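One-letter residues, chain by chain:
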Amino acid sequence: MSHRPTILTASVLLSLLALTGCGGGSGDPTQPDPGAGDPADDGSGSAVYEFTREPPGMLTSLTVAIPDDLREAAGPDAEGLLVNSVTLTPHELDGVKHCAVNVAIEWADGALELANKPATSQADADAEIEKWTNSFLDYFDVETTEEWIELAERAQGGDAQAGQTIAEGMEAADQSHPYAANATRELREQGLAFEPRLFIEKMQELIAADANKPVDEAAEESEEANVAREGLGIRSSVYPLADLNESAPETGLYLAPDFASGINVGSCAANPTDDDATETFTFRTSQDGEGADFAEFDYTVLSDGSITVVEAEVEDYERDINGDWIAK
């Protein structure tokens, strides 16, 4: 997330603590108190962090949640939030090659059904076929393949105006519509004469072959991968929890069968703000079948199990000087 503007960083917190000796606020009554708001570490090593203030530093138990005042301010944008909170605690692995955390996920009501869906569905493939077919028809100013076939057959029958429309449209399509150009080439290589209906069938066959590849690949993905991608914004390796080898684990997220808990295995950070060892969780929404990122946080894990929020951001909202949420 370092490439995007952030509202909160652990490095700022560490500098603040060094200057104040872990003391109270800024002393300026016109500024929000960076120590107020989210519950901070009370010495137990646990804290709940709600995006509204500076992260609480190195912890052994971290809960990150979307606060009610942010939900209220975001209104419709916050509808369909899939996850209410994520809690991270250290998980000890055999050896020192990797660091891991236990992950407890509080899903919103009905969220798992929305999150557990393939990355690409047959409806997506059908929409892709329709898009490319319509873009071809646009060269001829017709709306359906049957209208195009009728136009092409009139051109073959000697209709001069139809012939000019077909000739100009096919020339343009051959130059800029890959599926039309490939259909023409394949039919020519097969020694087949130009026949309008056969051409349309060949072009749509080529479109469908490409459009259905992602559907076939998505069908092979596990439920764990679907839930992690759609619900948590995790696109790296995802496995069933039973596949975790504590002695020689692969990096990635291991999810329990109920998807409410798991273990995330990553690199051990050299320091709390080590950019090369950050892991990310994303709070996402699902509205009308479309998923979107709402907020996210990066964290690191030290070899002693300490967990630190490095960066955090709410996509379209930020706090004003009074600490109230406003649209960016």
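## Overview of the packing of aromatic side chains
Here comes step 1: Across all of its chains, the model carries 15 aromatic pairs by this definition.
Here comes step 2: Summarising the aromatic geometry, the rings of W132 and Y179 are spaced 5.1 Å apart at their centres and angled 75° between planes, so their arrangement reads as edge-to-face. With W132 in helix α4 (residues 122–137) and Y179 in helix α7 (residues 178–189), this pair connects stretches of sequence that are 47 residues apart.
Here comes step 3: W132 sits in the partly exposed class, given a relative accessible area of 22%.
Here comes step 4: Put simply, the rings of Y49, F51, F281, F283, F297 and Y299 pair up and form one aromatic cluster.

## What to know about the state of the cysteines
Here comes step 1: The tally for this structure, following the rule as stated, stands at one disulfide.
Here comes step 2: Each disulfide pairs two cysteine sulfurs, and for C99 the partner residue is C268, the sulfurs being separated by 2.0 Å. Because the torsion about its S-S bond is 100°, the bridge between C99 and C268 counts as right-handed. On the criterion of sequence distance, the pair formed by C99 in strand β5 (residues 99–107) and C268 in the loop between β8 (261–266) and β9 (279–287) is long-range, its members being 169 residues apart.
Here comes step 3: Since its relative accessible area comes to 23%, C268 is described here as partly exposed.

## Considering helix α5 (residues 145–156)
Here comes step 1: Compared with the 16 Å implied by 1.5 Å per residue over twelve residues, the 16 Å span of α5 between its first and last C-alpha is a close match.
Here comes step 2: Those residues of α5 not exposed but buried are W148, I149, L151 and A152. When α5 is viewed along its axis, its buried side chains cluster within an angular range of 160° and face the same direction.
Here comes step 3: At the C-terminal side of α5, G158 shows a positive phi close to 105°.

## Some thoughts on the environment of V83
Here comes step 1: Along the chain, the position of V83 falls in strand β4 (residues 83–91).
Here comes step 2: Assessed through its relative accessible area of 1%, V83 is described here as buried.
Here comes step 3: Considered as a pair, V83 and L232 are 149 residues apart in the sequence and their alpha carbons are 7.9 Å apart.
Here comes step 4: Leaving out residues up to four positions away in the same chain, V83 has contacts with R71, I105, E106, W107, A108, G231, L232 and F283.

## Focus: the confidence of the model for the protein
Here comes step 1: On average, residues of the protein carry a pLDDT of 84, and 82% of them reach 70 or more.
Here comes step 2: Element-level pLDDT for the protein is lowest in helix α1 (residues 10–20), with a mean of 38, against a maximum mean of 97 in β5.
Here comes step 3: Below pLDDT 50 for its whole length, residues 2–37 participates in 55 contacts with residues either more than four positions away or in separate chains.

## Quick word on a negative patch on the surface
Here comes step 1: The grouping of D124, D126, E130, D288 and E290 at the surface amounts to a negative patch.
Here comes step 2: With three residues, α4 is the single largest residue contributor to the negative patch.
Here comes step 3: Structurally, the position occupied by E290 is in strand β10 (residues 290–301).
Here comes step 4: Take E290: its relative accessible area is 57%, and that puts it in the exposed class.

## Observations concerning the nonpolar core
Here comes step 1: Within the largest apolar cluster, 44 residues are counted, with the highest numbers of intra-cluster contacts made by F51, L88, W107, F283, F294 and F297.
Here comes step 2: If you look at the next biggest cluster of nonpolar residues, it comprises 25 residues, including I129, F136, V142 and I166.

## With respect to the side chain of T282
Here comes step 1: Within the secondary structure, T282 sits in strand β9.
Here comes step 2: Classification of T282 as buried rests on a relative accessible area of 5%.
Here comes step 3: A polar side-chain atom of T282 sits 3.3 Å from a polar atom in the side chain of E296.
Here comes step 4: Residues within four places of T282 in sequence aside, it is in contact with G231, L232, G233, D293, A295 and E296.

## A closer look at the sheet that holds strand β2 (residues 46–49)
Here comes step 1: The seven strands are arranged β2-β3-β4-β5-β8-β7-β6 in an open sheet whose pairing can be described as mixed. In this open sheet, the two strands that pair with only one neighbour each are β2 and β6 (238–240). Strand-to-strand twist in this sheet, taken as the mean axis angle between neighbours without regard to direction, amounts to 20°.
Here comes step 2: Of the strands in this sheet, β4, β5, β6 and β7 (252–255) touch helix α9 (residues 223–232), which is tilted by about 130° from β6.

## Describing the pairing of β10
Here comes step 1: Both β9 and β10 contribute to a ladder of nine bridges, which runs antiparallel. Note that in β10 the partner of Q287 across the bridge is E290.
Here comes step 2: Hairpin geometry of β9 and β10 is characterised by an intervening segment of two residues between the two adjacent antiparallel strands and by a positive phi of about 55° at D288.
Here comes step 3: Where β10 and strand β11 (residues 307–314) come together, seven bridges link them in antiparallel fashion. By the bridge assignment, V301 is partnered in β11 with I307.
Here comes step 4: In textbook terms, the turn of a hairpin is the stretch between consecutive antiparallel strands, and for β10 and β11 this stretch comprises five residues, one of which, G305, has a positive phi near 95°.

Criteria and thresholds
Once a new chain begins, its residue numbering starts again from 1 and follows that chain's sequence as written. Note on the predicted model: pLDDT of at least 70 is required for a residue's local features to be given, and 80 or more for side-chain atom pairs to be given and counted; whole-chain, interface and lining totals, by contrast, use all residues. Heavy atoms from the whole structure form the basis of all side-chain values; hydrogens and water molecules are not counted. Centres within 6.5 Å make a pair out of two Phe, Tyr or Trp rings, where for Trp the six-membered ring is used; the pair is then stacked when the planes are under 30 degrees apart, edge-to-face when over 60, and tilted otherwise. Working definition: helices are DSSP H or I runs of at least four residues, strands are E runs of at least two. Numbering for both runs from the N terminus. The cut-offs for exposure are 20% and 50% of the maximum accessible area for each residue type, with area from a 1.4 Å probe on protein chains only; residues under the lower value are buried, those over the upper are exposed, and the others partly exposed. Note that a disulfide, as used here, is simply two cysteine sulfur atoms within 2.5 Å. Each helix should span, by expectation, one fewer than its residue count multiplied by 1.5 Å. In this description, one arc is meant: the one made by directions from the helix axis to the C-beta atoms. Note on definitions: a residue-residue contact is assigned when non-hydrogen atoms from the two residues lie within 4.5 Å. You can read pLDDT as the predictor saying how much it trusts each residue, on a scale of 0 to 100. Like charges within 9 Å and nonpolar side chains (Val, Leu, Ile, Met, Phe, Trp, Tyr) within 5 Å are joined into patches, using only residues over 30% in relative accessible area that form no salt bridge. Accessible surface is estimated by sampling points in the Shrake-Rupley manner with a 1.4 Å probe; for residues, cover comes only from the protein chains shown. Each salt bridge in this description consists of a side-chain nitrogen of Lys or Arg and a carboxyl oxygen of Asp or Glu lying within 4 Å of one another. When charges are counted, neither His nor the chain ends are considered; positive counts come from Lys and Arg and negative counts from Asp and Glu. Charged groups are reduced to one reference atom each: NZ for lysine, CZ for arginine, CG for aspartic acid, CD for glutamic acid. Think of a nonpolar core as a cluster: buried Ala, Val, Leu, Ile, Met, Phe, Trp, Tyr and Cys residues, connected wherever their side-chain atoms sit within 4.5 Å. Within 3.5 Å is the distance limit for a polar contact, defined as a pair of N or O atoms, with the added protein rule that one can donate a hydrogen and the other accept it, and that residues adjacent in sequence qualify only through two side-chain atoms. Between any two strands, pairing holds if DSSP finds at least two bridges. Working convention: axes come from line fits to C-alpha atoms, limited for helices to the stretch in contact. Angles between N-to-C directions cover 0 to 180 degrees.

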